[in-house]
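Descriptive analysis of the structure
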Amino acid sequence: MAVKYKLKKDDEVVVIAGKDKGKTGKILKVDRKKGKVIVENVNVVKRHMKPNPLNPDGGIIEKEMPVDISNVMYFCKKCDKGVRLGYKLLDDGKKQRFCKSCGEIVDKD
């Protein structure tokens, strides 16, 4: 069953556990069924690829692997640290995410 998370694609996050602890990056993909996210330049591994139509030369490529969503936090630029997110209902009835540390609204629509 897919679970709802407060993190979305293109959010800036900081890794809080694992070999890449402290690194920040943008979320490229969220897998809600497995509870994983792929973060830009985090958990990079080398893979040996056979030649195929997309990669005719083959060889060793570097790619980002999924990280558990519990190991990343939203990175608030105002607080300059990883923070928890909450939901707020605005006066016009829209639901917005906000930083629980400084209270700044995250979604600038």
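Because the structure is predicted, anything quoted here is derived from the model rather than measured. (Residues numbered from 1 in each chain as written. Predicted model: local features only at pLDDT ≥ 70, side-chain atom pairs only at ≥ 80, totals over all residues. Heavy atoms only, no water.)

Comments concerning the layout of surface pockets
Volume-wise, the largest pocket comes out at about 190 Å³. Around the largest pocket, the lining residues are Tyr 5, Lys 6, Leu 7, Ile 16, Ile 69, Ser 70, Val 72, Met 73, Tyr 74, Val 83, Arg 84 and Leu 85. Per element, the largest residue contribution to the lining of the largest pocket is three residues, and it comes from strand β7 (residues 72–76). Class assignment for the residues of the lining of the largest pocket results in nine nonpolar, one polar and two charged. (1 Å grid on protein atoms, 1.4 Å probe; cavity = no way out; pocket = protein on both sides within 12 Å on 5 of 7 lines; lining within 4 Å. Points joined across faces, edges and corners; volume = space filled by probe spheres on them. Helix = DSSP H or I, 4+ residues; strand = E, 2+ residues; numbered from the N terminus. Nonpolar A, V, L, I, M, F, W, Y, C, P; charged D, E, K, R; others polar.)

Overview of the sheet that holds β7
Ordered in space as β6-β3-β2-β1-β7-β8, the six strands form an open sheet in which the pairing is antiparallel. Here the strands that pair on one side only, and so sit at the sheet edges, are β6 (67–68) and β8 (81–83). By the bridge criterion, three bridges tie strand β1 (residues 12–15) to β7 in an arrangement that is antiparallel. Considered in β7, the bridge of Val 14 is made with Met 73. (Pairing = 2+ DSSP bridges.)

As for the nonpolar core
One finds Leu 7, Val 13, Val 37, Val 39, Val 72 and Tyr 74 to be the most contacted residues of the largest nonpolar core, which totals 16 residues. Of all the secondary-structure elements, those providing two or more residues to this core are β1, β3 (36–39) and β7. Per-element accounting of this core gives the leading share, three residues, to β7. Look past the residues within four positions of Val 13 in its chain and what remains in contact with it is Leu 7, Lys 23, Thr 24, Gly 25, Ile 27, Val 39, Val 72, Met 73, Tyr 74 and Phe 75. (Core = buried A, V, L, I, M, F, W, Y, C linked by side-chain atoms within 4.5 Å. Buried < 20%, exposed > 50% of the residue type's maximum accessible area, 1.4 Å probe, protein only. Contact = heavy atoms within 4.5 Å.)

A few points about the UniProt feature "domain: KOW" (unreviewed entry) in the protein chain
The UniProt record annotates "domain: KOW" (unreviewed entry) at residues 6–33. The span residues 6–33 shows a helical share of 0% and a strand share of 43%, and its end C-alpha atoms are spaced 14 Å apart. (UniProt positions renumbered as here; feature names shortened; annotations may be inferred.)

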